[in-house]
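The residues making up each chain are set out below.
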Amino acid sequence: MKKYVVGVDVGGTNIKLGLVHPSGRVMARSHLPTKPLSSSKTKFIGVLAEAIQRIIIINGLKIEDIAGIGIGLPGLIDYPQGRVRFLPNIPGWKNVPLRVILQKKLNLPVLIDNDVKLITLAEWKFGAGRGVKHLICLTLGTGVGSGLILDNRLYRGAANAAGELGHVPLNEQGPACNCGGFGCFETYVGNQRLFALASRIMHKPNMTTEKMFALANQGDPKALRFWQEAATHIGNGLVGVVNLLNPELIIIGGGVSNNEKFLFPAIRAVIKKRAMSLQGSMVKIKRAKLGDDAGIIGAQVLVYHAKSL
Ligand SMILES: [Zn+2]
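Because the structure is a prediction, the values reported are computed rather than measured. (Residues numbered from 1 in each chain as written. Predicted model: local features only at pLDDT ≥ 70, side-chain atom pairs only at ≥ 80, totals over all residues. Heavy atoms only, no water.)

Trainee: Got a minute to help me understand the pairing of strand 8 (residues 110-114) in this structure?
Mentor: Where a strand is regular, its side chains alternate between the two sheet faces. In terms of burial, strand 8 is a largely internal element, five of the five residues being buried. Sheet topology places strand 4 (residues 66-73) next to strand 8; five bridges connect them, and they run parallel. From the neighbouring strand, I69 faces strand 8, where its bridge partner is V110. (Buried < 20%, exposed > 50% of the residue type's maximum accessible area, 1.4 Å probe, protein only. Helix = DSSP H or I, 4+ residues; strand = E, 2+ residues; numbered from the N terminus. Pairing = 2+ DSSP bridges.)

Here you go:
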């Protein structure tokens, strides 16, 4: 019998934990707030270890029922060593050998990886990308990330840092980006930029993509124009990737992707028009399927398939 995995998805606000069945179903969930823990690494790791043990025990399982623990973190991870290199939104985490420390505390195998890579693994094995050999999984939010499945494998790059589609420059004279570059894809389609674009188009402060979705649903022409513009930026950012990697599928996830009906047809149209004809005509664009559970489910894929990933 295959065993359960405890999946952990560390975000800037919350740490989500889930007990994942061999079928990929999340059987139980719990969460912790990130902020009170982030000031002390020792406290953070101690509380996390206790939460992992708790979710195993309260669900009537024993250590022997668990195949391992998979943890996704928002930043640069040395995957083979299980070391956190750097987390941009959680200060103080530099070169932390998290895997070794947790393995000692828990007496279970622990694997750690970048959070978007885990989301990509989940969508590939259990979500919108099942059975697809070459895909890109794009996550849109405050940050813009992506994961690449090429030739049925997660593409990691030389230092497990491949997939930073959000930081591919679209315009050498574009706006300054948090990464130190200019005109990155993220500076055109990250939430901050989309909220500013919405406020400009509506001539109102504090507009959000949720508000723009509601307005577009009522047929507001300005809101429809906003979604058309946002989709054009997203589509333009994907054209280069479609030409470079010739994927079969692009999966789009994150908050904005909920607005499928206003966004996706326009993204498809931009790619069809601007990408090279063979690559552009064969690529499909789908919405991510697994939502908030994706990181936790991806942890299970990582633990099960560690040797081939
Ligand atoms: Zn950047």
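Trainee: Got a minute to help me understand the coordination of the zinc ion in this structure?
Mentor: The reference angle at a metal is 109.5 degrees if four donors form a tetrahedron and 90 or 180 degrees if six donors form an octahedron. Taken together, H167 (ND1), C177 (SG), C179 (SG) and C184 (SG) make up the protein donors of the zinc ion, found 2.0 to 2.4 Å from the metal. When its relative accessible area of 47% is taken as the criterion, C179 is described as partly exposed. (Donors = N, O, S within 2.8 Å, 3.2 Å for Na, K, Ca; no water.)

Trainee: Explain unusual backbone geometry to me, please; I cannot follow it from the model alone.
Mentor: Outside of glycine, negative phi angles account for most residues, and trans bonds account for most peptide bonds. The backbone of N95 shows a phi angle near 50 degrees, a positive value even though the residue is not glycine. Even without being a glycine, N246 presents a positive backbone phi close to 50 degrees. Exposure remark for N246: the relative accessible area of 32% places this residue in the partly exposed category.

Trainee: When you look at the environment of S30 in this model, what are you seeing that I'm missing?
Mentor: When you line up the elements, S30 lands in strand 3 (residues 26-33). Judged by its relative accessible area of 29%, S30 falls in the partly exposed class. Separated by 15 residues in the primary sequence, S30 and I15 have C-alpha atoms spaced 8.5 Å apart.

Trainee: Explain the side chain of S257 to me, please; I cannot follow it from the model alone.
Mentor: For S257, the location among the structural elements is in the loop between strand 12 (249-253) and helix 9 (260-274). In terms of polar contacts, S257 uses its side chain to reach the backbone carbonyl oxygen of G254, at 2.6 Å. Residues within four places of S257 in sequence aside, it is in contact with I252, F264 and R287. (Polar contact = N/O pair within 3.5 Å; in protein donor to acceptor, adjacent residues only side chain to side chain. Contact = heavy atoms within 4.5 Å.)

Trainee: Explanation requested: the sheet that holds strand 1 (residues 4-10) in the structure shown.
Mentor: Read from one edge to the other, the open sheet built from five strands follows the order 3-2-1-4-8, with strand pairing classed as mixed. The open sheet has two edge strands, strand 3 and strand 8, and neither has a second partner. Mean inter-strand twist for the sheet, computed between neighbouring axes without regard to direction, equals 20 degrees. Sitting on the sheet, helix 2 (residues 41-57) touches strand 1, strand 2 (14-20), strand 3 and strand 4, and the angle it makes with strand 2 is about 30 degrees. Packing of helix 3 (residues 98-106) onto the sheet brings it into contact with strand 4 and strand 8, and relative to strand 8 it is tilted by some 150 degrees. (Axes fitted to C-alpha atoms, helices over the stretch in contact; angles between N-to-C directions.)

All we've got here are geometric facts, nothing functional implied.
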